Amino acid sequence: MNDRFDVIIVGARVAGSSLAIQLGKLGKTVLLLDKNSFPSDTLSTHHMSHVDYLKKLGVLDKVESKGLRQINRMRTYIGQSFVEGPRSSYTIIPKRDHLDHILLEEAERYEGVSFQPSTTVRNLLWEGDKVVGVSVDHKHGSSSYYGDLVVGADGKYSNIAKWAAAEKYHNQGALRPVLYGYYEGVEPLAEPATEIFLHEGRIGFLFPMEQGRDCLGLEVHPDEFKTMMKDPQAHFESMYKQLYGMERRLAGASLQGKIIGTSGMPNFFRQAYGKGWALLGDAGHSKDPSTGLGINDAFMQAFLLAESIELYEEGESWEEVMRIFQEKRDGQLLPGFQLTLNYIQSLRSWTSNEMALFQAMAANPMVWNKLVPKIADHLKEDTDDIPLLHQSVELEAVQFGFEKERREE
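As the structure is a prediction and not an experimental result, all values here were calculated from the model.

What follows concerns the overall build of the protein. When helices and strands are counted, the protein shows 15 helices and 18 strands. Against the compact-globule benchmark of 22 Å for 409 residues, the protein has a radius of gyration of 23 Å, which places it among compact chains. Taken along the three principal axes of its C-alpha coordinates, the protein extends 70 × 55 × 40 Å. Out of the 409 residues in the protein, the part that is buried amounts to 49%. Sequence-distant contacts, at least 24 apart, represent 71% of the contacts inside the protein between residues at least 6 apart. Taken as two groups, the 44 positive and 57 negative side-chain charges of the protein have centres that lie 3 Å from each other.

Inspection of the secondary structure assignment puts Trp277 in strand 17 (residues 277-279). For Trp277, a relative accessible area of 4% puts it in the buried group. As a C-alpha pair, Trp277 and Phe197 span 80 residues in sequence and 41 Å in three-dimensional space. In this view, Trp277 contacts Val131, Leu149, Val150, Ala164, Ala166, Gln271, Ala272 and Trp318; residues no more than four positions away in its chain are not counted.

Looking now at the sheet that holds strand 3 (residues 71-78). Strand order in the open sheet formed by 7 strands is 4-3-11-12-13-10-14, with mixed pairing between adjacent strands. For this open sheet the edge positions go to strand 4 (81-91) and strand 14 (254-262), each flanked by a neighbour on one side alone. Going from strand to strand, the sheet's axes swing by 15 degrees on average, the running direction of each strand aside. In this sheet, strand 11 (residues 194-199) lies alongside strand 3 in parallel orientation, the contact comprising 5 bridges. Bridging across to strand 11, Thr76 finds its partner in Ile196.

Looking now at the pairing of strand 15 (residues 267-270). Side chains Asn267 and Phe269 project from strand 15 onto one buried face, and the interleaved Phe268 and Arg270 project onto a second face that is buried too. Summarising the sheet, strand 9 (residues 168-172) and strand 15 pair through 3 bridges and their orientation is antiparallel. Paired with Gln172 across the two strands is Asn267, which belongs to strand 15. As defined by bridge partners, strand 15 adjoins strand 18 (residues 285-286) across 2 bridges and the pair is classed as antiparallel. Within strand 18, the residue paired with Phe268 across the bridge is Ser286.

On to the nonpolar core. By size, the foremost hydrophobic cluster in this structure holds 69 residues, and its most contacted members are Ile9, Leu19 and Leu54. The leading source of residues in this core is helix 9 (residues 294-313), at 10 residues. One finds Ala193, Leu216, Tyr240 and Met246 within the second-largest nonpolar core, a separate group that totals 21 residues.

Our focus in this paragraph is the packing of aromatic side chains. A full pass over the atoms with the stated rule returns 15 aromatic pairs. Judged by centre distance (6.3 Å) and plane angle (75 degrees), the ring pair of Phe5 and Tyr145 falls under edge-to-face. Of the two residues, Phe5 sits in strand 1 (residues 4-10) while Tyr145 sits in strand 8 (residues 141-152), which places them 140 residues apart along the sequence. Each member of the pair, Phe5 together with Tyr145, is buried. Relative to Phe303, the ring of Tyr53 has its centre 5.4 Å away and its plane inclined at 40 degrees; by these criteria the two rings are tilted. Taken together, the positions of Tyr53 in helix 2 (residues 52-57) and Phe303 in helix 9 put the pair 250 residues apart, joining distant regions of the chain. By way of ring pairs, the aromatic residues Tyr77, Phe82, Tyr183, Phe197, Phe236, Tyr240 and Tyr244 are connected into one cluster. Of note, Arg75 hangs over the ring of Phe82, and the distance from its end group to the ring centre comes to 3.9 Å.

Let us look at the packing of helix 1 (residues 14-25) against helix 9. The geometry of a pair of packed helices is captured by two quantities: the angle between their axes and the separation between those axes. Where helix 1 meets helix 9, the closest approach of the two axes is 8 Å, and the angle between their N-to-C directions is 35 degrees. Like other packed secondary-structure pairs, helix 1 and helix 9 cross with a definite hand, here right-handed. Side by side, helix 1 and helix 9 meet where Val14, Ala15, Ser18, Leu19, Gln22 and Leu23 of the first sit next to Ile295, Ala298, Phe299, Ala302, Phe303, Leu305, Ala306 and Ile309 of the second. Taken together, the residues that form the contact of helix 1 with helix 9 break down as 12 nonpolar, 2 polar and no charged.

Our next topic: a negative patch on the surface. On the surface, Glu307, Glu310, Glu314 and Glu316 cluster together to form a negatively charged patch. The residue Glu310 is located in helix 9 in this model. Using a relative accessible area of 36% as the deciding quantity, one classes Glu310 as partly exposed.

What follows is about the side chain of Glu195. With respect to the helices and strands, the residue Glu195 is situated in strand 11. Those residues in contact with Glu195, other than ones at most four positions away along the chain, are Arg75, Tyr77, Leu189, Gly204, Phe205, Leu206 and Arg249.

Quick look at the packing of helix 9 against helix 10 (residues 318-346) now. At a closest axis distance of 9 Å, the pairing of helix 9 and helix 10 adopts a crossing angle of 160 degrees. The angle between helix 9 and helix 10 places the two elements in the roughly antiparallel class. Viewed along their axes, helix 9 and helix 10 form a crossing whose handedness is right-handed. Here Asp297, Met300, Gln301, Leu304, Leu305, Glu307, Ser308, Leu311 and Tyr312 of helix 9 lie close against helix 10, whose contacting residues are Trp318, Val321, Met322, Phe325, Lys328, Arg329, Gln332 and Leu333.

About the thresholds
- Residue numbers restart at each chain and count upward from 1, following the sequence in its written direction.
- Only residues with pLDDT of at least 70 get local features here, since the model is predicted, and only at 80 or more are side-chain atom pairs given and counted; chain-wide, interface and lining totals rely on the full set of residues.
- Excluded from the side-chain calculation are hydrogens and water; included are all heavy atoms of the structure.
- In this text, helices come from DSSP runs of H or I with a minimum length of four residues, and strands from runs of E with a minimum of two, each type numbered from the N-terminal end.
- Here the globule rule is a power law, 2.2 Å times the number of residues to the power 0.38, and the radius of gyration is based on C-alpha atoms.
- Only protein chains enter the accessibility calculation, which uses a 1.4 Å probe. A residue is then buried if its area is under 20% of the maximum for its type, exposed if over 50%, and partly exposed in between.
- In this description, contact between two residues means that some pair of their heavy atoms is separated by no more than 4.5 Å.
- We count Lys and Arg on the positive side and Asp and Glu on the negative side, and we leave His and both chain ends out.
- Every charge is mapped to an atom, namely NZ of Lys, CZ of Arg, CG of Asp or CD of Glu.
- A strand pair is defined by DSSP finding two or more bridges across the two strands.
- Comment: axis = line fitted to C-alpha atoms, over the contacting stretch for helices; angle = value between 0 and 180 degrees taken between N-to-C directions.
- Among buried residues, those of type Ala, Val, Leu, Ile, Met, Phe, Trp, Tyr and Cys that are joined through side-chain atoms within 4.5 Å constitute a nonpolar core.
- Geometry of aromatic contacts follows a simple scheme: Phe, Tyr and Trp rings, the Trp one being its six-membered ring, pair when their centres are within 6.5 Å, and the pair is stacked under 30 degrees between planes, edge-to-face over 60, tilted otherwise.
- The criterion is that NZ of a Lys, or CZ of an Arg, lies within 6 Å of the ring centre and within 35 degrees of the ring normal, and then a charge sits over that ring.
- In a left-handed crossing the near helix is turned counterclockwise from the far helix by less than a right angle, and in a right-handed crossing that turn is clockwise.
- Charged means Asp, Glu, Lys or Arg here, nonpolar means Ala, Val, Leu, Ile, Met, Phe, Trp, Tyr, Cys or Pro, and polar covers whatever is left, Gly included.
- Patch construction takes residues with relative accessible area above 30% that form no salt bridge. Like charges are linked within 9 Å, and nonpolar side chains (Val, Leu, Ile, Met, Phe, Trp, Tyr) are linked within 5 Å.
- All accessible-area figures derive from a Shrake-Rupley calculation using a 1.4 Å probe, and residue coverage is judged against the displayed protein chains alone.
- Should a side-chain nitrogen of Lys or Arg be within 4 Å of a carboxyl oxygen of Asp or Glu, the pair is scored as a salt bridge.
- Reported orientations rely on four angle classes, namely roughly parallel under 35 degrees, roughly antiparallel over 145, roughly perpendicular from 65 to 115, and oblique for the rest.

Next comes the structure, spelled out in structure tokens:
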């Protein structure tokens, strides 16, 4: 194998492979390295609410070909009641061994893109203060590879970030443990929906994947995690059956594989670039998975970085294009980061009075007849502490015909 490339990408999953596809289109020589072999699964938020990225990469049909259901609705449960509504665009829930493998295969279609699995990057190679390559161990021994740019797409505990001394900011440690598993035979809704359960200060997730298979998840209190991991499946299913309707719906279901758990995802931004290096995906930005934004964030960053590399090739200075890359990345990701932290930090068990009143209101159409005309005003007033929430709801409402100016006249 050649030892010199335009770009070396460490990490070949969503962020790394989608960048490689775009660089392959530009005719770049790219080396993709990953410690894993493929196809293989990985910890994931699963939720893909922006399929336009897959369209642009030319892989949407292949990803959907496994029979993934197109999810057009969202349902949120509170106690014994729920609210449900349409989404402005459909969502798919791919398993990561399927999604990542398709992206990787697409990247390898380009003549200049090479992939080396089961490879451990041991260090960065430097010339003065500039990164010029990586040293690796692989099944044939050890090698050194050189590139004009080394991209760390190697996850939230990125070694590339550590070796490059990338500064963290907006840093907040992990807040909530998460456990999930893939189940067959869960009783479905009449029309599939992303289902979110807010129960006793926890969050339950039900993500419909292919017909007959769902991803079930729980975000739990920190002090519950250690006990749950002693017998993950038993504790997970016992807790999940407390959610509305799930004892019945899980009666004929079976777990595929095992329950996957993590004590929590760290929340941070990292410096996005330096001389000869850049960070992508969770290596550059990580947050709690409760809002299901991780995969979409990885794609967005890959597209931004590809644009920056193209501008650099057209003669713009490296420092300027990467400064803009980091500004755009942070500008697009910071609102979701702030909303996510507020969501997680404000979760609590509701009082018996709060629950009793909500259940009575949920079952009373006269209440909703009064509330709906004023509900936007209530939301704006009640989210003064985080106005981003009101703004995001209005932005989504535009997709359903909301016209702010007309309403205010």
